[in-house]
Structure formats: C-alpha cells, structure tokens
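Secondary and tertiary structure notes
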Amino acid sequence: MVVRWVSNMKKLLNVLFYFLTVLLMASTISNYQTLDLVEMILFTVMMFMLGCVVTLDILNLVAKLAKEKSGE
C-alpha cells in the first residue's frame, strides 16, 4: 500500500512540476524582451533541464511498456 501511495505521489508531483514549468515558460516568453542576460541564461538552462526530465520520463515509460510486452 505504501508503494502505491509513493507511486501516486510521484505522478502527482510530476504533473505539478510540468504545470508550473509551463506556466513559468509562458510568462517568461511573454516578457522575454525585458530580461537581462543572466535571466535569459537561467531560463535556457531550466528549459534544457525540463527537456531532459521529459525525455527521461518518456524513455522510462517506453521501457516499462516494452518490459510488460515482453513479459506476456
């Protein structure tokens, strides 16, 4: 039961992270002309990190589906 709760909490935190990141991305892009160099670099690094996390989540999902498919 604890394992399922932890799994559900991780999914909830992932969704919350993606939602907040998309909101931040939209607000930053709308104000991109007023940003200084440091803010632009931090935004770029954050978007790169988001891309890495999304890619790893997708690869994890593909690996899990392939594992379930091969196990049948």
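Residues numbered from 1 in each chain as written. Predicted model: local features only at pLDDT ≥ 70, side-chain atom pairs only at ≥ 80, totals over all residues. Heavy atoms only, no water.

**Focus on helix α2 (residues 37-71)**
Here α2 is 35 residues long and its end C-alpha atoms lie 51 Å apart, about the 51 Å a rise of 1.5 Å per residue gives. All buried positions along α2 are accounted for by Phe43, Met47 and Leu50. (Helix = DSSP H or I, 4+ residues; strand = E, 2+ residues; numbered from the N terminus. Expected span 1.5 Å × (residues − 1). Buried < 20%, exposed > 50% of the residue type's maximum accessible area, 1.4 Å probe, protein only.)

**Regarding a nonpolar patch on the surface**
Taken together, Trp5, Val6, Met9, Leu12, Leu13, Leu16, Phe19, Leu20 and Leu23 make up a surface patch of nonpolar side chains, about 890 Å² in accessible area. Relative to the assigned elements, Leu23 resides in helix α1 (residues 2-30). Taking relative accessible area as the criterion, Leu23 reaches 44% and is therefore assigned partly exposed. (Patch = residues over 30% accessible without salt bridge, like charges linked within 9 Å, V, L, I, M, F, W, Y side chains within 5 Å. Areas by Shrake-Rupley, 256 points an atom, 1.4 Å probe, with all protein chains shown as cover. Salt bridge = Lys/Arg side-chain N within 4 Å of Asp/Glu carboxyl O.)

**Examining the layout of surface pockets**
If you add up the space inside the largest pocket, you get close to 370 Å³. When contributions to the lining of the largest pocket are tallied by element, the ones reaching two or more residues are α1 and α2. In the lining of the largest pocket, the residues fall into three nonpolar, three polar and four charged. (1 Å grid on protein atoms, 1.4 Å probe; cavity = no way out; pocket = protein on both sides within 12 Å on 5 of 7 lines; lining within 4 Å. Points joined across faces, edges and corners; volume = space filled by probe spheres on them. Nonpolar A, V, L, I, M, F, W, Y, C, P; charged D, E, K, R; others polar.)

So, to be careful, I would describe these as geometric facts and stop short of saying anything about function.
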